[in-house]
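Residue-level listing of the chains:
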Amino acid sequence: STEAASGFGDVPMAPLLHCLGARKYLLLLAALLCERRIIMVAADLRKLSACIHAAVAALQPFRWQHILIPMLPTKLLAYACAPYPFLIGLHSSHLRELLDPEGN
């Protein structure tokens, strides 16, 4: 089946809906369908990963064909500046470094 082939067929949507609410969920879905650059930020890595995977699953029957990094390591923060569409999860402790890489 297509759901089994994508690997996201049984991903629960509840964590994503709980974190975002209905309005922001719809904005996220629109951003994904428009192939935007999206960074999700959270302190809880388990919740962050669940939300990233739920966002990809929400695209069914479509598939995310671009960069997907559920938890971006600190050494790869430059990926968040890529000019391509992406869906990236970022621990909240790295947000300041991403926004101000020179530490000003």
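Above this note sits the structure.
So, here is what we can say about the structure in this document. The structure displayed is predicted, hence computed values, not measured ones.

1. Quick look at the overall build of the protein
- Counting its regular elements, the protein contains four helices and three strands.
- Beginning at the N terminus, the succession of helices and strands in the protein can be written as α-α-β-α-β-β-α.
- Counting all 104 residues of the protein, 33% fall into the buried class.
- Within the protein, residue pairs in contact and separated by at least 24 positions form 55% of the contacts whose partners lie at least 6 positions apart.
- Accessible surface for the protein amounts to roughly 6800 Å². Of this, 58% is attributable to carbon and sulfur atoms.

2. A few points about helix α3 (residues 45-57)
- Here α3 contains 13 residues, and its C-alpha end-to-end distance of 18 Å stays within 8% of the 18 Å for a straight helix at 1.5 Å per residue.
- Every buried residue belonging to α3 is among L48, S49, C51, I52, A54, A55, V56 and A57, and all of these are buried.
- Against α2 (14-33), β1 (37-42), β2 (67-69) and β3 (86-91) lie the buried residues of α3.
- The N-terminus of α3 is capped by D44, whose side-chain oxygen sits 3.0 Å from the backbone nitrogen of R46.

3. Some words on the nonpolar core
- Counting residues in hydrophobic clusters, the biggest one holds 18 residues, and the most contacted among them are L16, L28, L32, M40, A55 and L87.
- Among the secondary structure elements, those contributing two or more residues to this core are α2, β1 and α3.
- Here this core gets six residues from one element, more than from any other, and that element is α3.
- Listed in part, the nine residues of the second largest apolar core include I69, L77, I88 and L98.

Analysis parameters
Residues numbered from 1 in each chain as written. Predicted model: local features only at pLDDT ≥ 70, side-chain atom pairs only at ≥ 80, totals over all residues. Heavy atoms only, no water. Helix = DSSP H or I, 4+ residues; strand = E, 2+ residues; numbered from the N terminus. Buried < 20%, exposed > 50% of the residue type's maximum accessible area, 1.4 Å probe, protein only. Contact = heavy atoms within 4.5 Å. Areas by Shrake-Rupley, 256 points an atom, 1.4 Å probe, with all protein chains shown as cover. Expected span 1.5 Å × (residues − 1). Polar contact = N/O pair within 3.5 Å; in protein donor to acceptor, adjacent residues only side chain to side chain. Core = buried A, V, L, I, M, F, W, Y, C linked by side-chain atoms within 4.5 Å.

Honestly, it's all geometry; don't read function into it.
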